[in-house]
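Summary of structural features
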Amino acid sequence: MIRIEGLRKRYGALEVLRGVDLHAAAGTVVGIAGPNGSGKSTLLKIVLGLVRADAGRVWIGGEELKGGSGYRGRLGYMPQAARFPENLRGSEVLRLLRELRGPGTAPDEELIDAWRLGPELAKPVRTLSGGTRQKLNAVAAFLFRPELVILDEPTAGLDPVASSVLKDKILSERTRGCSFVLTSHIMSEMEELADAVVFLLNGRVRFQGPANAAKLATGQVNLERAVAELMREVA
Amino acid sequence: MSTTTKIVRYELRDLVRSRWVLGYLLFFLLFAEGLYRAEDSSLKALLNLVDVVLLLIPLAGSIFGTIYLYGAREFIELLLAQPVGRRQLFGGLYLGLALALSTAFVAGTVTPFLVHGMDAPGAWTTLAAICAAGVGLTCVSVALAFLVALRFDDRLKGLAIVILAWLALAVAYDGAVLLAVNAFADYPVERGLLAATLANPVDLARIALLLRFDVAALMGYTGDVFQRFLTGGFGLAAALAAAASWLAVPLLLGARAFQRKDF
């Protein structure tokens, strides 16, 4: 579903990605872990076309990204921080996104129902709490039945109930064949969701494989300790 | 409907409910009403309006423009994650804000005069010219503000730059030109003066508007030079070309910066 080869990106003197390769088959969840500043968000943003890579190639569903915007019709994106035009209602934001996507399959409003967001969508976005905005963000990511969903720390800011609703949604969409690339600092969540873990450090892939393999390779009992061990090895 | 139109529509829906834009409209409404009541002749009222338009509109456009683009950063990222081209999104963002600010200015300014009516000959054409100049300055200042906001990620720096640019073009420029004219009073300076005016959109708007009033005569010889230059075919073409490039150059540079930017 997604293939990345030799991705490099530099911001001035700072080399954020130094040759990243990544591969994920359709219907899998890839979790990207790594300390702050390891290049996780930059990697996601290159896949989305928000950031231009200096070198390297990206394929999504067999199609190589070459600066066009059409492929994003098959993508869903849930950014880390959600800010919408303050005076629009949630429903208007979703309608704008739908108009930009053009007519297609019926929207997936399952999350709206699961979170009972109906009444919140009628209010101006500026009056919504941070958690509710984050839910709106998640709704937008799943609304158009994407083939690939990119989530940047999806459960940050969600309460445990809301967070498990989102995780259930991810797992059920995965069985439908949808692929996911997500970042998280919560390793238990990573262990629960991800089929494969990619550990980024200083712009390079330090480890890539099933969560179990990470535990075996480092001799640790859980992923959190395994990741900590990986970070220590380099330091 | 094109992508740009869709974005403009939603942006207008957002801005129409914005307290800042409503306040902007209200300001012009109260100001024009006040002028109408305070001045005994409608031409005098319009002359006072010119000063405010030349000073306030570039400032408001610059500040609104930078703050708006900085504030929309996350939403721009979300929109760019949709199947939307960057050029269309940039066009939509720009048109939406320029349209909202222009409409607030024109509606606020014109309404009191429409309600009370004006009797002086030529007053309506002059009001139309003021509105056109105001809309033009709005478009130019929003374009410059967008360019600055795209080139500088540091919000404070961006705001400082547009405010300095405003001070330079709308406030200090005139004084500097006067000083220069004074210093070189013994030399033929008309050409230099004309060039200096063409090089500043605020000055260009000022001269074009003031020539509509009798005060042009008060400007003496210089007024006469401008009168002859701007009513001639070549002069008018040069003035229009200068105004158009003040709009086109920042817009094109802004579109290019938007196209290449890493969000």
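Residues numbered from 1 in each chain as written. Chains lettered and ligands numbered in written order. Predicted model: local features only at pLDDT ≥ 70, side-chain atom pairs only at ≥ 80, totals over all residues. Heavy atoms only, no water.

**Thoughts on the overall build of chain B**
- A count of helices and strands for chain B gives 12 helices and zero strands.
- Along the chain direction, N to C, the helices and strands of chain B fall in the order α-α-α-α-α-α-α-α-α-α-α-α.
- A globule of 263 residues ought to have a C-alpha radius of gyration of about 18 Å, and chain B, at 20 Å, matches this closely.
- For the C-alpha atoms alone, the extent of chain B along its principal axes is close to 60 × 45 × 35 Å.
- By the burial criterion, 49% of the 263 residues in chain B qualify as buried.
- By sequence separation, contacts in chain B at least 24 residues apart represent 81% of the contacts at least 6 residues apart.
- Mean positive and mean negative side-chain charge positions of chain B (20 and 18 charges, respectively) differ by 12 Å. (Helix = DSSP H or I, 4+ residues; strand = E, 2+ residues; numbered from the N terminus. Rg over C-alpha atoms; globule rule 2.2 N^0.38 Å. Buried < 20%, exposed > 50% of the residue type's maximum accessible area, 1.4 Å probe, protein only. Contact = heavy atoms within 4.5 Å. Lys, Arg positive; Asp, Glu negative; His and termini not counted. Charge placed at Lys NZ, Arg CZ, Asp CG, Glu CD.)

**A look at the sheet that holds strand β3 (residues 29-33) of chain A**
All names here are of chain A.
- Taking strand neighbours across the sheet as the criterion, the six strands line up as β6-β7-β8-β3-β9-β10 in an open arrangement whose pairing is mixed. Only two strands of the sheet have a single neighbouring strand rather than two, namely β6 (75-78) and β10 (204-209). Strand-to-strand twist of the sheet, defined as the mean angle between neighbouring strand axes without regard to direction, takes the value 15°.
- Across four bridges, the pairing between β6 and strand β7 (residues 148-152) is parallel. Across the sheet, Leu75 pairs through a bridge with Leu148, a residue of β7. (Pairing = 2+ DSSP bridges. Axes fitted to C-alpha atoms, helices over the stretch in contact; angles between N-to-C directions.)

**Brief notes about helix α1 (residues 40-48) of chain A**
Residue and element names in this part refer to chain A.
- Buried residues dominate α1, accounting for eight of its nine residues.
- Lys40, Thr42, Leu43, Leu44, Lys45, Ile46, Val47 and Leu48 are the residues of α1 that are buried.
- Gly49 sits one or two positions beyond α1 and adopts a positive phi of about 85°.

**Focus: the pairing of strand β4 (residues 55-60) of chain A**
Residue and element names in this part refer to chain A.
- As judged from the five bridges shared by strand β1 (residues 2-11) and β4, these two strands associate in the antiparallel manner. Residue Ile4 lies in a different strand from β4, and its bridge partner there is Val58.
- Strand direction decides the pairing type here: β4 and strand β5 (residues 63-64), joined by two bridges, are antiparallel. Residue pairing for β5: Ile60 is matched across the bridge by Glu63.

**Remarks on the packing of helix α5 (residues 130-142) of chain A against helix α6 (residues 160-175) of chain A**
Residue and element names in this part refer to chain A.
- Packing of α5 against α6 brings their axes to within 12 Å, and their N-to-C directions diverge by 10°. Taken together, the axis directions place α5 and α6 in an arrangement best described as roughly parallel. On the side of α5, the interface is formed by Lys135, Ala138 and Phe142, while α6 contributes Ala162, Leu166, Lys169, Ile170 and Glu173.
- The residue makeup of the contact of α5 with α6, split by class, is five nonpolar, no polar and three charged. (Parallel < 35°, antiparallel > 145°, perpendicular 65-115°, else oblique. Nonpolar A, V, L, I, M, F, W, Y, C, P; charged D, E, K, R; others polar.)

**Brief notes about the environment of Gly131(A)**
- Tracing the backbone shows Gly131(A) in helix α5.
- C-alpha of Gly131(A) to C-alpha of Ala162(A): the two residues are 31 residues apart in sequence and 8.9 Å apart in space.

**A few points about unusual backbone geometry**
All names here are of chain A.
- Phi is positive for Arg116, which is not a glycine, with a value near 50°.
- Tracing the chain through its elements places Arg116 in the loop between α3 (110-114) and α4 (118-121).
- Backbone geometry places Glu153, a non-glycine residue, at a positive phi of 45°.

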